[in-house]
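Structural overview
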Amino acid sequence: MTCEALTEIYQLLYDAFGPQHWWPGETRFEIITGAILTQNTSWANVEKAITNLKSANRLTPEKLHHLDLAQLAELIRPAGYYNIKAKRLKNFMNWLFDNYQGELTNLESIDTDQLRVELLAIKGVGRETADSILLYAFDRPIFVVDAYTARIVFRHGLIGPDADYEQLRELFESSLPQDTQLFNEYHALLVRVGKEFCRPKARCTNCPLEKLPHTIDVEYF
Ligand code: SF4
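Quick summary incoming for the structure in this document.

Each value, and the rule that gives it
- Residues numbered from 1 in each chain as written.
- Predicted model: local features only at pLDDT ≥ 70, side-chain atom pairs only at ≥ 80, totals over all residues.
- Heavy atoms only, no water.
- Helix = DSSP H or I, 4+ residues; strand = E, 2+ residues; numbered from the N terminus.
- Buried < 20%, exposed > 50% of the residue type's maximum accessible area, 1.4 Å probe, protein only.
- Contact = heavy atoms within 4.5 Å.
- Areas by Shrake-Rupley, 256 points an atom, 1.4 Å probe, with all protein chains shown as cover.
- Lys, Arg positive; Asp, Glu negative; His and termini not counted.
- Charge placed at Lys NZ, Arg CZ, Asp CG, Glu CD.
- Near = heavy atom within 4 Å.
- Nonpolar A, V, L, I, M, F, W, Y, C, P; charged D, E, K, R; others polar.
- Salt bridge = Lys/Arg side-chain N within 4 Å of Asp/Glu carboxyl O.
- Core = buried A, V, L, I, M, F, W, Y, C linked by side-chain atoms within 4.5 Å.
- Axes fitted to C-alpha atoms, helices over the stretch in contact; angles between N-to-C directions.
- Parallel < 35°, antiparallel > 145°, perpendicular 65-115°, else oblique.
- Left-handed = near helix turned anticlockwise from the far one by under 90°.
- Phe/Tyr/Trp six-rings, centres within 6.5 Å; stacked < 30°, edge-to-face > 60°.

**What to know about the overall build of the protein**
Tallying secondary structure elements over the protein gives 11 helices and zero strands in all. Listed N to C, the secondary structure of the protein is α-α-α-α-α-α-α-α-α-α-α in terms of helices and strands. Each of the three principal axes of the protein carries a C-alpha extent, and together these read 55 × 35 × 30 Å. Buried positions account for 48% of the 221 residues belonging to the protein. Sequence separation of 24 or more characterises 63% of the internal contacts of the protein that already satisfy a separation of 6 or more. Carbon together with sulfur atoms contributes 49% to the accessible area of the protein, which is approximately 10,900 Å² in total. Positive and negative charge centroids in the protein, built from 23 and 30 side chains respectively, lie 9 Å apart.

Structure below.
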């Protein structure tokens, strides 16, 4: 039942919006950097920060690791909360260099659950960030949950509004094939419909999911 509903939602969104080409990023390291910088800001601001890092020729693990914290904060200033985010990037670098010789390729052989535990242990890396890194940078079959995801599945009655992050993740991962490309596209499509239609004040008219049973009696988030 849930499986069918989630499959139908995916199909309707894909038919309406087409492929979303996520995650925008030329390299694995750029994806990771973007995942850390995107917390509490728009993607447009993240792009400005990444452009700064590229212009300064700093967007590699080695170069970022050796960059002074204040210089890093200045370069990523457009992303907002730049002092906090500079520390978070440094925390990631320290973990990578302390444990894996600064080589992202050394993470490829680590079991997904173990890698998730290690990422979550890095100060400033939360579930959504860790799961974005796992899915989009390392092609692991982990479903990324965010506020859009929660709002849409709550409103469509697929899970109770008290469900937490892990329960939402489990809902998707246990109902869908463990297909990295599907998880990649599905999350991006949920973000798209969340931004355009399923806002805190829902715009159900002409939403691709309008024909499915839903309720907007409660305003989530
Ligand atoms: S806007 Fe309405 S129809 Fe669209 S996903 Fe949200 S609740 Fe469903």
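After that view, the rundown keeps rolling.
**Things to note about helix α2 (residues 28-37)**
With respect to burial, α2 is a largely interior element, nine of its 10 residues being buried. F29, E30, I31, I32, T33, G34, A35, I36 and L37 are the residues of α2 that are buried. The secondary structure elements touched by the buried residues of α2 are α3 (43-55), α4 (61-65), α6 (82-100) and α8 (127-137).

**Some thoughts on the site of the ligand**
Taken together, the residues surrounding the ligand are R155, H156, F197, C198, R203, C204, C207, L209, E210, H214 and I216. Its residues assigned to classes, the shell around the ligand comprises six nonpolar, two polar and three charged.

**Thoughts on the pattern of salt bridges**
Scanning the model with the defined rule gives 10 salt bridges in all. Here R116 and D131 are joined by a salt bridge, their closest N and O atoms 2.7 Å apart. Placement of R116 in helix α7 (residues 112-120) and of D131 in helix α8 is noted, with a sequence separation of 15 residues between them. Owing to a relative accessible area of 9%, R116 belongs among the buried residues under this scheme. For the salt bridge of R127 with E166, the shortest nitrogen-to-oxygen distance reads 2.7 Å.

**Here we look at the nonpolar core**
F92, W95, L107, L119, F172 and Y186 are the most contacted members of the largest nonpolar core, which totals 73 residues. Per-element tally for this core: the top contributor is α6, with eight residues. Apart from residues lying up to four places away in sequence, W95 is in contact with Y100, L107, L115, E118, L119 and I122.

**Let's talk about the packing of α2 against α6**
It is the contact of α2 with α6, at a shortest axis distance of 9 Å, that shows an interaxial angle of 140°. Classified by the angle their axes make, α2 and α6 are oblique. Our pair here, α2 against α6, has a crossing hand that is right-handed. Residues F29, I32, T33, I36 and L37 of α2 form the contact with α6, whose own contacting residues are K85, R88, L89, F92 and M93. Class assignment for the residues of the contact of α2 with α6 results in seven nonpolar, one polar and two charged.

**Details of the packing of aromatic side chains**
Applying the stated criterion to the full structure yields 12 aromatic pairs. Taking the centre distance of 5.4 Å and the plane angle of 75° together, the rings of F143 and F183 count as edge-to-face. In this pair, F143 sits in the loop between α8 and α9 (147-155) while F183 sits in helix α11 (residues 180-196), placing the two residues 40 residues apart along the sequence. Here the two residues F143 and F183 agree in accessibility, since each one is buried. One aromatic cluster is present, formed by Y10, Y14, F143, F172, F183 and Y186 through successive ring pairs.

**Regarding unusual backbone geometry**
Residue W23 is reached from W22 by a cis peptide bond, and omega for that bond is -5°. The topology assignment puts W23 in the loop between α1 (2-17) and α2. Even without being a glycine, H21 presents a positive backbone phi close to 55°. Tracing the backbone shows H21 in the loop between α1 and α2. The exposure class of H21 is exposed, given its relative accessible area of 65%. Positive phi values are uncommon outside glycine, yet Q101 reaches one of about 55°.

Everything listed here is a matter of geometry and, on its own, says nothing about what the molecule does.
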